[in-house]
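# Summary of structural features
Each chain is listed here by its residues.
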Amino acid sequence: QVQLVESGGGSVQAGGSLRLSCAASGYIMNYNFMGWFRQAPGKEREGVAAIVTSSGRTYYSDSVKGRFTISQDNAKNTVSLQMNSLKPEDTARYYCAAVLSAGNWASVPGYKYWGQGTLVTASS
């Protein structure tokens with residue numbers, strides 16, 4: 001069964017950096033998109049970034065563009081999210097997700113596989 005496991009979350013000061021990693025039990029190239037989503041208390045889950053595994057094309061939400069970078073490492077079968085210049089509003093639980101077919105990268109219902117999430121806290 002497909003399993004996604006996130007790691008790398010933690011608590012940092014505003015302006016700091018964290019690198020999240022998602023390990024997949026299956027071959028990530030089998031998924032059209034690998035994505036990162038986040039959900040803050042009382043808010044809807046939202047797309048943060050995604051990567052087209054076959055081409056490396058990336059997508060980002062406007063709120064993180066220029067600060068976050070998504071990448072994949074086929075040798076390690078992982079997808080990472082480098083988060084720089086963290087802001088308090090980035091505080092959320094971050095989830096790794098995968099979808100087997102093409103679609104809207106930021107569509108939560110479109111993703112079939114999800115990790116349990118990892119907490120990220122950026123304090124001012």
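Along every chain, residues carry numbers that run from 1 in the direction the sequence is written. Since the coordinates come from a predicted model, pLDDT governs what is reported: local features require at least 70, and pairs of side-chain atoms require 80 or more to be given and counted, while whole-chain, interface and lining totals use all residues. The side-chain values count all of the structure's non-hydrogen atoms but skip hydrogen atoms and water molecules.

### Some details on the state of the cysteines
The term disulfide refers to a covalent linkage connecting the sulfur atoms of a pair of cysteines. So the rule is basically this: A pair of sulfur atoms, both from cysteines and within 2.5 Å, is called a disulfide here. The helix and strand labels rest on DSSP assignments: H or I over at least four residues marks a helix, E over at least two residues marks a strand, and numbering proceeds from the N terminus. Each residue is assigned to one of three classes by its accessible area relative to the maximum for its type, calculated with a 1.4 Å probe on protein chains only: buried under 20%, partly exposed between the two thresholds, exposed over 50%.
Enumeration over the complete set of coordinates arrives at one disulfide. Across the disulfide from C22 sits C96; the S-S distance is 2.0 Å. Every disulfide takes its handedness from the sign of the S-S torsion; for C22 and C96 that torsion is -75 degrees, giving left-handed. Of the two residues, C22 sits in strand 3 (residues 18-24) while C96 sits in strand 9 (residues 92-99), which places them 74 residues apart along the sequence. Overall, the relative accessible area of 1% leaves C96 in the buried class.

### Observations regarding the sheet that holds strand 1 (residues 4-7)
The criterion, for reference: By definition, two strands form a pair when at least two bridges between them are found by DSSP. As a rule, the C-alpha atoms of each element are fitted with a line to give its axis, helices using only the stretch in contact, and angles between N-to-C directions run from 0 to 180 degrees.
The strand order across the open sheet built from four strands is 1-3-8-7, with neighbouring strands paired in antiparallel fashion. Unpaired on one side and paired on the other, strand 1 and strand 7 (68-73) mark the two borders of the sheet. Geometrically, the sheet is characterised by an average inter-axis angle of 15 degrees between neighbouring strands, direction not taken into account. Across four bridges, the pairing between strand 1 and strand 3 is antiparallel. By the bridge assignment, V5 is partnered in strand 3 with A23.

### Observations regarding unusual backbone geometry
Excluding glycine, most residues fall at negative phi; most peptide bonds, likewise, are trans. One non-glycine residue, N77, lies in positive phi territory at about 55 degrees. Looking at where N77 falls in the secondary structure, it is placed in the loop between strand 7 and strand 8 (78-83). Phi at S85 is positive, roughly 50 degrees, even though this residue is not glycine.

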